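Coordinate inspection notes
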Amino acid sequence: MSTHADPLAAMAAALTPSTAALRAMSESFRDEIARGLAGSGGSLKMLPTFVRQPRGDERGQVMFLDWGGTYGRAGIAVLSGDGRVEVEREEVFEFSDEDKMAPPEHVFDTIAAAVARVAGRDRVTRRPLGFAYSFPARLERIDRAIALSLTKGWRLQALEGRDVVELLADALARRGVRNVAVSAVANDTVAALALLTYRDRFAPPADIGLIVGTGTNQAADLGALGIRNLESGNFAAVTALQAPCDAALDREVGEPPPGVQRFEKMVAGHYLGEIVRRLANDLASRSTLFRSWPAGALRSPFGFDTANLSRIEADGSPDLSDTERFLRGMGVESSQEDREALRTLARLVVTRSARLVAAALLGTLSHMDPRLESPHLVAVDGSLYGGYPGYDRLVRRGLEELVGPERADRIRLEFVKESTALGAAVIAAVAGRSGAP
Ligand code: BGC
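Here is a short report on the structure shown in this document. (Residues numbered from 1 in each chain as written. Predicted model: local features only at pLDDT ≥ 70, side-chain atom pairs only at ≥ 80, totals over all residues. Heavy atoms only, no water.)

What about the overall build of the protein chain?
As a reminder of what qualifies: Numbering of helices and strands starts at the N terminus; helices are DSSP runs of H or I of at least 4 residues and strands are runs of E of at least 2. Burial classification: accessible surface area is computed with a 1.4 Å probe over protein chains only, and a residue below 20% of its type maximum counts as buried, one above 50% as exposed, and the rest as partly exposed. Here, two residues are considered to be in contact whenever any of their heavy atoms come within 4.5 Å of each other. Throughout, the Shrake-Rupley method with a 1.4 Å probe supplies accessible areas, and for residues the shown protein chains are the sole cover considered. In this tally, Asp and Glu contribute negative charge and Lys and Arg positive charge; neither His nor the terminal groups of the chain are included. For the purpose of locating charges, the reference atoms are NZ of Lys, CZ of Arg, CG of Asp and CD of Glu.
Scanning the protein chain from terminus to terminus reveals 14 helices and 13 strands. Here the C-alpha coordinates of the protein chain stretch approximately 70 × 50 × 40 Å along the principal axes. Split into buried and exposed, the 437 residues of the protein chain put 56% on the buried side. Long-range contacts, defined as pairs at least 24 residues apart, comprise 70% of the intrachain contacts of the protein chain with a sequence gap of at least 6. Per element, the accessible surface of the protein chain, about 17,800 Å² overall, is 50% carbon and sulfur. The averaged location of the 57 negative side-chain charges in the protein chain is 3 Å from the averaged location of its 53 positive side-chain charges.

Here it is in structure tokens:
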């Protein structure tokens, strides 16, 4: 039974794990890394990537393809060999909710059509293409990635077990595209890491690639073990940190199934709006707040987008008038008290996300450097990290809370914009480099 008479205060308590609980999570994260590497189970897959760190002098024109959610991008990038990599031309494509449950061939036909338009017909020799596939996959080579189950609300029919590079190559062949060679495939976390390393050839390479967007994940350069894709969204030792709403969401969301992607379900953009929507509905039933909330778009699951949380945070007006407007647009009339409560919920959920991200990051860093004695460079990208005002500061605060300011200072997080597409291009260029190092 809750000790709080005020339901909002009870939610605040449930959404604010103690420092001790976060530290314990960080330690189990580190332990799960060791288990994953030893092949003795656990929730972190520690997948090999076959990607080498860039040297920084790679140059040339390469194609990229970025697919890991509702929007995808295909394009051509030019690497100058001095840290610069720029998009020469590109095309964005979009998937509908139906596409997310279609046979894989349907999705790959859409992707191949975009690649074909970008590749054009003016060239007969094959251009290398780096494919950023931002879902779990078990790589067997740099250009062979066997799909594991999808995340972020996707469930293509019978995709699991199939090589996504082959699916793409087949779709390109069906369209008669002969001037593109899919030469590398990598996760978006690996792309972020590689891009940051490429950008500054004189600095030490990036240690970690971190994405906090629709989904969340980390990749880490583990030296002799190579760069590994942790698939950290699946980290499961979060029970002690879960609020009642998390357990309910995990059970009810359907895709991914209960117990899968548990960390991601508390942290990433695909879910945070939904958590806030559920909490607000709950408050509506237990207090005088949000009287008209259950009407409008907010009745249905996933009816409240995570981007709204950023809008609320960015709303500097004293009476939250921008928030009032967009809620009205969703069919919800709100009082100032409602809007303030909504902002409180949004801040609680986002702050918790950032603290969990900090704890997971420290789990990886403590595997690499148990006493955090050396400087570390983390490449970060993702719509939540880049789009929610002050998210970076919340993560930094989380790091300081957990290891103190001095050690937290050795960790540099660098935001790398558009890292998935550009990083995929860099990875294709590295793969095309002949011979080792
Ligand atoms: C996927 C990861 C990806 C992350 C960020 C997760 O849902 O499983 O492969 O790196 O989202 O896009």
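Overview of the site of the ligand
Under the convention used in this document: We call a residue near a given molecule or strand whenever any one of its heavy atoms falls within 4 Å of it. Contacts described as polar in this section are N or O atom pairs within 3.5 Å, which, within protein, must combine one atom able to donate a hydrogen with one able to accept it, while residues neighboring in sequence count only if both atoms come from side chains.
Near the ligand lie 15 residues; those nearest to it are Thr151, Asn187, Asp188, Glu231 and Glu264. Contact between the ligand and Asn187: an oxygen atom at 2.8 Å from a side-chain N or O atom of the residue. Protein burial of the ligand: of its 310 Å² of free accessible surface, 98% is covered by the chains. Of all the elements in the fold, those that place two or more residues in the shell around the ligand are helix H5 (188-199) and strand S10 (216-221).

Concerning the sheet that holds strand S2 (residues 59-67)
Note the following rule: Whether two strands pair comes down to DSSP finding at least two bridges between them. Axis angles are defined between N-to-C directions and span 0 to 180 degrees, where every axis is a line fitted to C-alpha atoms and, for a helix, only to the segment in contact.
Within the open sheet, the five strands sit side by side as S4-S3-S2-S5-S8. Their pairing is mixed. The open sheet terminates on both sides in strands that have one partner only, identified here as strand S4 (85-94) and strand S8 (180-186). Going from strand to strand, the sheet's axes swing by 25° on average, the running direction of each strand aside. Direction of pairing for strand S3 (residues 71-80) relative to S4: antiparallel, over a ladder of nine bridges. Across the sheet, residue Ile76 finds its bridge partner in S4, namely Arg89. Strand contacts of helix H4 (residues 164-174): S2, strand S5 (127-133) and S8, with the helix running at about 160° to S8, the strand carrying the most contacts.

Quick word on empty space enclosed by the protein
Put simply, the rule reads: A pocket here means an open set of points on a 1 Å grid, computed over the protein atoms alone, that has protein on both sides within 12 Å along at least five of seven lines. A cavity is instead a set of points where a 1.4 Å probe fits but cannot get out; residues with an atom within 4 Å of a point line either one. Grid points are joined across faces, edges and corners, and a volume is the space filled by probe spheres set on the points. Amino acids are sorted into nonpolar (Ala, Val, Leu, Ile, Met, Phe, Trp, Tyr, Cys and Pro), charged (Asp, Glu, Lys and Arg) and polar (every other residue, Gly among them).
What the rule picks out here adds up to two cavities of 30 Å³ or more. A volume near 90 Å³ is recorded for the largest cavity. Around the largest cavity sit 13 residues that line it, and Ala137, Leu139, Ala186, Asn187 and Asn229 are the ones nearest its centre. Listed by contribution, the elements that provide at least two residues to the lining of the largest cavity are strand S1 (47-48), strand S6 (137-141) and S8. Phe290, Ser292, Trp293, Leu327, Val332, Glu333, Ser334 and Asp338 together form the lining of the second largest cavity. Across the lining of the second largest cavity, the residue classes break down as four nonpolar, two polar and two charged.

Let's talk about the side chain of Asn217
Note on placement: Asn217 falls in strand S10. A polar contact of 3.1 Å, which involves the side chain of Asn217, links it to the side chain of Asn187. Only 2.9 Å separates the side chain of Asn217 from the backbone nitrogen of Glu231, close enough to count as a polar contact. Leaving out residues up to four positions away in the same chain, Asn217 has contacts with Asn187, Thr189, Gly209, Leu210, Ile211, Asn229, Leu230, Glu231, Ser232 and Gly233.

Describing helix H6 (residues 244-252)
Because an α-helix completes one turn every 3.6 residues, residues spaced three or four positions apart along the sequence face the same direction. Among all positions of H6, only Cys245, Asp246, Ala248, Leu249 and Asp250 are buried. Where H6 is buried, its residues touch helix H7 (264-267), helix H8 (269-286) and helix H11 (336-368). Just beyond H6, the residue with positive phi is Gly254, at close to 85°.

Focus on the packing of helix H3 (residues 104-119) against H4
Basically, it comes down to this: Definitions for this section: a left-handed crossing has its near helix turned counterclockwise from the far helix by less than a right angle. A right-handed crossing has that turn clockwise.
Running from N to C, H3 and H4 cross one another at 60°; their axes reach a closest spacing of 8 Å. Considering how the two elements wind past one another, H3 and H4 form a crossing that is right-handed. Listed contacts from H4 to Pro104, Glu105, Phe108, Asp109, Ile111, Ala112 and Val115 of H3 are Val164, Leu167, Leu168, Ala171, Leu172 and Arg174. Broken down by class, the residue content of the contact of H3 with H4 amounts to 10 nonpolar, no polar and three charged.

Things to note about the nonpolar core
Most often, soluble globular proteins have nonpolar side chains that are buried together. Stated precisely, the cut-off is as follows: We define the nonpolar core as a collection of buried residues of types Ala, Val, Leu, Ile, Met, Phe, Trp, Tyr and Cys that are connected through side-chain atoms lying within 4.5 Å of one another.
One finds Phe290, Trp293, Phe304, Leu345, Tyr391 and Leu413 to be the most contacted residues of the largest nonpolar core, which totals 75 residues. If one sorts the elements of this core by residue count, H11 sits on top with 16 residues. When neighbours within four sequence positions are excluded, Tyr391 is seen to be in contact with Val212, Val350, Ser353, Ala354, Val357, Leu384 and Tyr385. Formed by 38 residues, the second largest nonpolar core is a distinct cluster that contains Phe131, Ala137, Leu150 and Trp154.

Section: the pattern of salt bridges
Stated precisely, the cut-off is as follows: Put simply, a salt bridge is a Lys or Arg side-chain nitrogen that is within 4 Å of an Asp or Glu carboxyl oxygen.
Under the counting rule described, the total for this entry stands at 30 salt bridges. Of the charged contacts, one joins Arg144 and Glu166 as a salt bridge, the two residues approaching to 3.9 Å between their closest N and O atoms. In this pair, Arg144 is assigned in strand S7 (residues 144-147) and Glu166 in helix H4, connecting sequence segments 22 residues apart. By relative accessible area, which is 25% here, Arg144 ends up partly exposed. Residue Glu406 pairs with Arg410 through a salt bridge whose shortest N-O separation is 3.4 Å. The network of salt bridges with common partners includes Glu140, Arg144, Asp163 and Glu166.

Considerations on the pairing of S8
For S8, the tally of buried residues reaches five of seven residues, placing the bulk of the element in the interior. Note that S5 and S8 share six bridges and pair parallel. The residue of S8 that forms the bridge with Phe131 is Val185.

Considering unusual backbone geometry
In this structure, the amide linkage connecting Glu255 to the following residue, Pro256, adopts the cis form with an omega of -5°. Looking at the secondary structure, you find Pro256 in the loop between H6 and H7. Phi at Glu231 takes a positive value of approximately 50°, unusual for a residue other than glycine. On the accessibility criterion, Glu231 (4% relative accessible area) is buried.

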